[in-house]
Each structure stands twice: as structure tokens, then as C-alpha cells.
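Chain by chain, the residues:
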Amino acid sequence: MAGIIILGLIIAAIIIIVSIYNNMVTFRNRYKNAYSQIDVQLKRRYNLIPNLVETAKGYMQHEKETLEAVIKARNSALSASKKASENPGDAASMAGLAGAEALLTGSLGKLFALSENYPDLKANQNMMQLSEELSSTENRISFARQAFNDAVTIYNTACEKFPNNMISNMFNFKQAQLLESTESPEERKAPKVSF
Amino acid sequence: MTVLLVCLFAAAVAVITIAVYFAIMFILFCSSLYSMPSSSKPFVWWDQKILLYTSITTLFVVIISSASKIKALSRGGSYIAQMMGGRLINFNNPSPEEKRFINVVEEMSIASGVSVPLIYVLDKEQGINAFAAGYTPNSAIIAATSGCLKLLSRDELQGVVAHEYSHILNGDMRLNIRLMGFLGGIHTLSTIGYFVLRGSSRGRRGSFSGMFFGLMLLTIGSIGMLCARIIQCAVSRQREFLADASSVQFTRNPDGLSGALQKIGGYVKSSKIMSPEAKETCHMFFSNALTSFFATHPPLKERIRLIDPNFRGRFKKISMKDIPSFTAATDLSNATAAQSSFAGEQEAVTPESVLSSVGTVSPENVSQSSDLLKELPASIKRELSVPLDAAAITCCLVLDKSPEKRGKQISNINKSAPKALLAEILRHAKTVIQVEQKLRLPIVDLAIPALRQLSSPQYDNFIACIKTLIEADNKISLFEFSVYTIIKHRLDMEFKNIGKKTVHLNGPQLQADLLLILSLLAYSGNTDSEKTQKAFEACQDSLINIMGKAPILPLEKICFSSLGKALERIASEEPKLKKMAFEACTRCVLFDKIVSKGEAELLRAVAYCFDLPLPPFLPQHSKD
């Protein structure tokens, strides 16, 4: 008699554990999927930048350093994003990406600020198009990042709740890292420079 | 069908209970032999007490785990697709095969009047297979294996997609999901058996009986799975013939579907699914996902012969090497033959023809919607797949044509809307305003997969934003109402988790709701007051049992917000009532046999809310 009751309890516990586990997996998949939205737009941004630099080169011969800095920042951001997409939510790679992105946004901001001195470049059709695309891509990135952070928050909260925390420890569900905004107040101005 | 399902399920549970009982008795019997081999007392095989306890425990396990499974599944098709290892197709940057799949699915959705489902690819699966899942037609997902995308031609793919759409339109998916929930419960037994077996074999104290019991449970679980498989085939096989027939009806191209089936027959990996979850989901697939004695689907040859009587019964061997290299041009070789012969046909729109089109698709619908999609500006179509842009474009749809009013609308959202969204709305406004009216509702349909990927705070922002835009001029047009209703109905299911349960309204509430809806339709469908009155009475007659006689509401009393709520309430009613209500709506709108675009859109919004897939029914839909 007692044996059967204990067995029943064990079984109930197993069922609860399985359903919590499945929940956690779903939340995890959700934020990973949300990250892929960021990834697509980041890639798009990295593809636009070389074109932008190429166009600017013709007009800004004296700003070689700035242009090279943009390309360098773009390359390091690209490799950081590759690392991040392998393991979205990982603290180190998220911080790496946020840092690289901040650097890139900063150097782009400098480029745009300098381009104020070159009216011909500002009037260039290609440049206008590229900068418009770049700014809409940045909008998309910020929007996708918000969605990703929302998904991560839901996942993290689910991880911390009782009794989920016991299961998340048992099966090694790690806390995921938010992707912090790379926009500081002065950078925020950068993409708004209109041509 | 559900009744049959429940009966079979009960039978399976009974079989399992008895098996568990005998397992326990057998253990007791063995242990009694072991402890006192020379006991004179004969062993009692019949013990009511133990039977009672075993049946309670077994029922408890099966019901609890079924319930938890059903609850998990209530999150809808995405959950199942992810469980199967599905990857959400990247709309922004699809490979050519994926692009083709997306196109085929989009055409079929617009043609049948359901919103575009989320599209998944099962990358790891090489077999040719596909499935659709979801609680309602408008929250469905559709998934195909990578083998399916690589090996099938466009026509064959269209046949497979049409087959899955038939499941979506016939409401098979709800049954399938419920079936999966029940089976999950039975499946748990074998999982528990596995755990007990492993646990006791690891324990230091040689608990022979524990191990034995685990083994028993595992065996019983397998018996349970066998029962489950029988249930699966009983429920699923007939449905497959129906879906095949519908697929041919939708595409009017038997060669496509039969070609796909023949390729499955000739392909080494057939339609097999490797994922371990296939056990629970095999009844949802296009073709047999597991090789087993109890097939969930009828034999391929039989299926082909029913579509194509000339089939000789021999499959041509194919392998991955035979695939023609993929070019974008293959995508254009679309069923143009069917198109030309029907282009001139224009039927008069009668209530009967509209009602009979619910839940079906005609090849004309498909080619029409394919043309419609081609007319859409490429930049809009591309960007509809990005969540932010999809939200912005949908907001732009309700922007006013006159610059002053538009300015007022924008200034109203200026403060509340997120910065990124506002910027994109401003960017898209110029192009979207010039989009023709006939393309506007299809845009909403196309935007939905991307909108489903918003996070829930973002969704709240988006809804608040579109609401402010609509209410800026203190007037709500029929189109604005339709857009808002469709989006809200479609996405609330995703984000607020509502609208999945059937709720019965009490009499007066139902009457008031129906009265409101029909009154509005009568006003919008007919210009002069006499006709309005007549139309209203005509449709009231068809619902006399439910609504009784009530005078039409005066126009001043109809407000859109209460109308929206009334629609939502009826939407959660049982399907039969919704169908009747929709019939009355159709009669009301078509009373004067003249359908304006506004009426057509309103009717589609109503059908949408009621989850009745209504294809675009206006033959002149393409004329402005």
C-alpha cells in the first residue's frame, strides 16, 4: 500500500520534472531564435560598410585613418558576431559583441561627422542610399535586440523560479546574458546625420 | 471523430491497466515462491485491492502526463516544430529552395484565406516529408524536411503543401494535436519504465524486483505504444485520402502530388523521420514517418493509384545525385496552364457560392494570388519578413491619404511609439500609401509570420500604436476595422494565449452580439434603408432559433469597439454556431448581389475571426 503511494509520488515528480524541463528548452529555443533575427541584420550591416567606405574613399583621401579604423572595427565586430551566433546568451561572447559593436558605431559616427566637410560626398546618390539603408538596419538591430532581451529575460526568470531552479541546476541550464545597448548618448546621434 | 478517439484511448488505458496489474501480481507471485517455496497456500491471482490501486495509479499517471502534454502543446504548432528539431525559415535570406517553398506556401495561404503560417525546415531529416500543426487555421505552422525541399519539383512541392493545407482547412490539426497529447500520456509509461530500470540496475542493493518491474513497465509501455499506433492509424488513414483528394482539387494538377508520392517510393530514405519524437507525431506527416507494421498512412501505391489510374506500380529509383541544379527560373514555371483557361470566367457572387468556397481552394485562387503577389512592390514584399518593418508597414496601411490627417496621425504616435518603429513608419509611409486597395489585406496576411516573432512588450507597443493611428480622426473606416480585427484576432492567440478554448455564451449575450454584427453588415451592405431592413430580416430568419426577432439596431448605436468584442466572443463559440452565424452574415452582405470592396473586406475579417478560411471570393477583386 505505502509502496504504491510512494511510487505514485515518484511518478508525479518525474512528470513534473519532465514538463519543467521541456518548458525550459522551449524558452531557450525562443531566445536563440530571437538572436538569429539580430544576426541577420548584423550581417547586413557588415556587408553595407565596405561599400560605404569604398564610396567615401573617392572623396575623403585625407581621412585614410578614419576609413581604415571603420574597416578594422567592422572586421572585429564580424568575428565577434560569429562567435556570438555560435552561442547566443553566453556572457563572454555577448560582452565581446557589445564591445565590438560599440567600437564600430563610434568609428562610423566619426566617419559621418567628418563627411560633413565634403559636400560632394553628401550629394552622392550612392552614399545617400547607403546611409539610409545603414540607418534602417540599425533600427532593425535595436528592435531585434529588444526582442532578444525580452526573450532572455523570460528565460532567466523561468530559470530562477522555484522549483525550476533545481531543475535548471541539475540539467545545466545557464543564465543567459542580455545584449546591452551599444548606443551611448553621443553615438545615438551618429546615424541621424543626414546627407 | 473525437468521440472515437476518446473511446479508443479509454480502451488503450484499460488494456494497459490490466497489463500493469498482472505484472505486479507476477512479481508478488515470484517473490512468494522465493520466500517460502514450500508454502501450502495457493497463490491468489485475483486481488481486488491491488487491482484498485494499480488502476488508480495507472490512470493517474496517464491522465496527469496527458494533461501536461496537452498543456505544453497548447502553445501551438511552433512547439511541435521545435521539438522535432525544426528551424524557423529565415525569410530575410532564404536559400533558393527555401524561397520556393515560401512562395508556394504564401500563394496557397492567400488563395485559401488563412494567414501565412510560420514555416519551418527540418534540416536534419533527409527523407521526403512535411507536416502542418496548430490549433486553428490561423495559428498554423508548416514544416518540411530538407529532403522534401531538395528533391521535389515546384509542382510536386505544391501538391504536398496543398495536402497539408487540406489538413489545415479541414480542422484535422486540432484532432492531431489532441491525439498527440493522449499518446504522450501512454508514452510516459514506457519512459518511467526506462527510468526505473536504469535506477534499479545502478543501485548497489540488487533490487531484482525493481529491475524486473522496470522491465515490465517498459514492456507495458511498448504495448501502450502499440495501442497508440493503432489509434493513430485508425484516426489518420481516412484523413489522408481526403487530404490527397483535396490537394488535387486545390491545384487541379494530379501529376504534382503523384510525382511527389512516386519520388518517396523510389527514394532510399523514403519519407522516414529520424527524430525520436517522430513516434508521437508520425500521424501528422505527409507520408509514413516510421517504418512499422501499423502504418499511419495508406500504402503509397494505393494513394498514387487513386490520383493517377495509369500508375503501373513501379517506382523509379532516385537519389540525391539526380537532382537538377536549382535555378531561380524553375520557380517561375508555375502552373500557368490552369491560369489562362479560367481567366475570363466571372461568376455572379451568390451567398451559396461564397459559403461553399469556405475551406477550399481553387486553382484560380492560387494563380490569382500568385499574380497578386507579383504586383506587390518588391521592396515591401522583401521587408515584410523583418519584424520591425512588418510592424511599420502594417501601421502605414492605416495612414490616411491626405497629408494633413496623416500629419495628425503621426504626431499622435510621436511620443508613445518606440523610436525605431516610428522611424520605419516614416520611411515606409511614402511607398505604402500608394499601394492599391486590393493588395492591402494580403499585405496584412504576409506580415503575420514576422509579427509573430515580436516579443510580447513589443506587440503591446505595436497594437497601441496602430490603435492610436486608427483613432486619430475619431472615425473608423471598414478597412481600418478589418485590419485591426484581423491582426488582433490572429496575434492575441500567440501572445495572450486566448481564443483556444470553446466557450459557450449565454443566450442574451449571444443574441446581443449577433444583433450588433448583423446590423452593421446590413448597413454597410445596403445603401437605402428599405433594402437594409429587408437584408437584415432575411438573415435574421436564418438564425431565428438563436436570435429570435429583434429590431435592427440604429446606426448610432453601433460602435466599433463593442463590435470587436462581440466578434471575439462569438469566435470562441463552437464551430457549428460560427458557421451558421457566418452564413447569416454572408446572406446579409450579399442581399443586394452587389459587393463593394469594403463589404468584401469586412466579410473576410468576420471569416477570419471565426477561423473560417474564406478564399478571396470576388472575381473582380483584381479590378479597382
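Because the structure is a prediction, the values reported are computed rather than measured.

## Observations concerning the overall build of chain B
Here is step 1: In terms of regular secondary structure, chain B is built from 28 helices and four strands.
Here is step 2: Out of the 624 residues in chain B, the part that is buried amounts to 55%.
Here is step 3: When the accessible area of chain B is evaluated, it comes to approximately 26,700 Å², of which 60% is carbon and sulfur surface.

## A word on the pairing of strand 4 (residues 141–145) of chain B
Taken residue by residue, a regular strand's side chains alternate between the two faces of the sheet.
Residues and elements named next belong to chain B.
Here is step 1: The element strand 4 is largely enclosed, with a buried count of five among its five residues.
Here is step 2: Here strand 4 shows a buried face lined by Ile 141, Ala 143 and Thr 145 and a second buried face lined by Ile 142 and Ala 144.
Here is step 3: Sheet analysis places strand 2 (residues 118–122) next to strand 4, joined by five bridges and oriented parallel. Paired with Ile 119 across the two strands is Ile 142, which belongs to strand 4.
Here is step 4: Bridge count between strand 3 (residues 130–133) and strand 4: four bridges; the pairing is antiparallel. Residue pairing for strand 4: Phe 131 is matched across the bridge by Ala 143.

## Considering the nonpolar core
Here is step 1: Counting 55 residues, the largest nonpolar core has Ile425(B), Phe462(B) and Ile466(B) as its most contacted members.
Here is step 2: Contributing elements (two or more residues each) for this core: helix 15 (363–375), helix 17 (387–397), helix 18 (403–413), helix 19 (419–433), helix 20 (440–451), helix 21 (456–471), helix 22 (478–495) and helix 28 (597–609) of chain B.
Here is step 3: Ile20(A), Ala73(A), Ala144(A) and Cys159(A) belong to the second largest nonpolar core, which has 45 residues in total.

## What about the side chain of His489(B)?
All names here are of chain B.
Here is step 1: Position of His 489 relative to the elements: it lies in helix 22.
Here is step 2: Residue His 489 is classed as buried on the basis of its relative accessible area, which comes to 6%.
Here is step 3: A polar side-chain atom of His 489 sits 3.2 Å from a polar atom in the side chain of Glu 568.
Here is step 4: Excluding its chain neighbours within four sequence positions, the residues that come into contact with His 489 are Glu 568, Ala 571, Tyr 608, Cys 609 and Asp 611.

## A look at the pattern of salt bridges
Here is step 1: Tallied over the entire structure, the rule returns 24 salt bridges over all chains.
Here is step 2: In this structure, Arg140(A) engages Glu383(B) in a salt bridge whose closest nitrogen and oxygen atoms are separated by 3.2 Å. Within this pair, whereas Arg140(A) is found in helix 5 (residues 125–160), its partner Glu383(B) is found in helix 16 (residues 378–383), the two belonging to separate chains.
Here is step 3: On the basis of relative accessibility, which here comes to 6%, the residue Arg140(A) falls in the buried class.
Here is step 4: Given the relative accessible area of 13%, Glu383(B) is considered buried.
Here is step 5: Each member of the salt-bridge network shares a partner with another, and the members are Arg140(A), Glu383(B), Asp389(B), Glu424(B) and Arg427(B).

## Some points on the packing of helix 6 (residues 154–169) of chain B against helix 9 (residues 254–266) of chain B
Residue and element names in this part refer to chain B.
Here is step 1: Where helix 6 contacts helix 9, the axes come no closer than 7 Å and their chain directions differ by 95°. If you check the angle between helix 6 and helix 9, you find them roughly perpendicular. Here Asp 155, Glu 156, Gly 159 and Val 160 of helix 6 lie close against helix 9, whose contacting residues are Gly 256, Leu 257, Gly 259, Ala 260 and Lys 263.
Here is step 2: When its residues are assigned to classes, the contact of helix 6 with helix 9 shows three nonpolar, three polar and three charged.

## Section: the sheet that holds strand 3 of chain B
All names here are of chain B.
Here is step 1: Read from one edge to the other, the open sheet built from four strands follows the order 1-2-4-3, with strand pairing classed as mixed. If you trace the sheet from one side to the other, it starts and ends with strand 1 (87–88) and strand 3, each paired once.
Here is step 2: Lying on the sheet, helix 4 (residues 96–112) is in contact with strand 1, strand 2 and strand 4; it crosses strand 2 at an angle near 140°.

## So, the packing of aromatic side chains
Here is step 1: Summed over the entire model, instances satisfying the criterion amount to seven aromatic pairs over all chains.
Here is step 2: Look at Tyr21(A) and Phe173(A): their rings are 5.6 Å apart centre to centre, the planes differ by 65°, and that puts the pair in the edge-to-face class. Of the two residues, Tyr21(A) sits in helix 1 (residues 2–57) while Phe173(A) sits in the loop between helix 6 (164–170) and helix 7 (185–189), which places them 152 residues apart along the sequence.
Here is step 3: Following the ring pairs from residue to residue traces out a cluster consisting of Tyr31(A), Tyr35(A), Phe148(A) and Tyr155(A).
Here is step 4: One Lys or Arg, Arg303(B), reaches over the ring of Phe286(B) and ends 5.1 Å from the middle of that ring.

## Thoughts on the confidence of the model for chain B
Residue and element names in this part refer to chain B.
Here is step 1: Mean pLDDT for chain B: 78, with 86% of residues reaching 70 or above.
Here is step 2: Taken element by element, the predicted model of chain B shows its lowest mean pLDDT in helix 13 (residues 336–342) (36) and its highest in strand 4 (92).
Here is step 3: Counting interchain partners and residues more than four positions distant, the pLDDT-below-50 stretch residues 327–347 has 17 contacts.
Here is step 4: In this model, residues 620–624 is a region of pLDDT below 50 whose contacts with residues beyond four sequence positions or in other chains number nine contacts.
Here is step 5: Interface confidence in the predicted complex, given as ipTM, is 0.82; pTM for the same model is 0.75.

## Quick notes on the confidence of the model for chain A
All names here are of chain A.
Here is step 1: This prediction gives chain A a mean pLDDT of 83; 92% of its residues lie at or above 70.
Here is step 2: The spread of mean pLDDT over the elements of chain A runs between helix 7, the lowest at 45, and helix 2 (residues 64–86), the highest at 90.
Here is step 3: Overall, residues 184–195 carries pLDDT values under 50, and its contacts beyond four positions in sequence, including any with other chains, amount to 19 contacts.

## Points about the pairing of strand 2 of chain B
Residue and element names in this part refer to chain B.
Here is step 1: For strand 2, the buried fraction is high: five of the five residues fall into the buried class.
Here is step 2: Sheet topology note: the strand 1/strand 2 ladder contains two bridges and is antiparallel. Paired with Leu 88 across the strands is Tyr 120, a residue of strand 2.

## Section: the environment of Ser166(B)
Residue and element names in this part refer to chain B.
Here is step 1: With respect to the helices and strands, the residue Ser 166 is situated in helix 6.
Here is step 2: It is 15 Å that separates the C-alpha atoms of Ser 166 and Glu 106, two residues lying 60 residues apart in sequence.
Here is step 3: In contact with Ser 166, other than residues within four places in its own chain, are Leu 242, Ala 243, Ser 246 and Phe 250.
Here is step 4: Within the local environment of Ser 166, its side chain forms a polar contact with the side chain of Ser 246, the two groups lying 3.5 Å apart.

## With respect to the environment of Ile318(B)
Residues and elements named next belong to chain B.
Here is step 1: Its place among the elements puts Ile 318 in the loop between helix 11 (300–307) and helix 12 (329–332).
Here is step 2: Ile 318 gets classed as buried once you look at its relative accessible area, which sits at 14%.
Here is step 3: Sequence-wise, Ile 318 and Gln 262 are 56 residues apart; in three dimensions their C-alpha atoms are separated by 9.8 Å.
Here is step 4: Other than its neighbours up to four places away in sequence, Ile 318 contacts Leu 151, Lys 263, Gly 266, Tyr 267 and Val 268.

Calculation notes
- Residues numbered from 1 in each chain as written.
- Chains lettered and ligands numbered in written order.
- Predicted model: local features only at pLDDT ≥ 70, side-chain atom pairs only at ≥ 80, totals over all residues.
- Heavy atoms only, no water.
- Helix = DSSP H or I, 4+ residues; strand = E, 2+ residues; numbered from the N terminus.
- Buried < 20%, exposed > 50% of the residue type's maximum accessible area, 1.4 Å probe, protein only.
- Areas by Shrake-Rupley, 256 points an atom, 1.4 Å probe, with all protein chains shown as cover.
- Pairing = 2+ DSSP bridges.
- Core = buried A, V, L, I, M, F, W, Y, C linked by side-chain atoms within 4.5 Å.
- Polar contact = N/O pair within 3.5 Å; in protein donor to acceptor, adjacent residues only side chain to side chain.
- Contact = heavy atoms within 4.5 Å.
- Salt bridge = Lys/Arg side-chain N within 4 Å of Asp/Glu carboxyl O.
- Axes fitted to C-alpha atoms, helices over the stretch in contact; angles between N-to-C directions.
- Parallel < 35°, antiparallel > 145°, perpendicular 65-115°, else oblique.
- Nonpolar A, V, L, I, M, F, W, Y, C, P; charged D, E, K, R; others polar.
- Phe/Tyr/Trp six-rings, centres within 6.5 Å; stacked < 30°, edge-to-face > 60°.
- Lys NZ or Arg CZ within 6 Å of the ring centre and 35° of its normal.
- pLDDT = per-residue confidence, 0-100.

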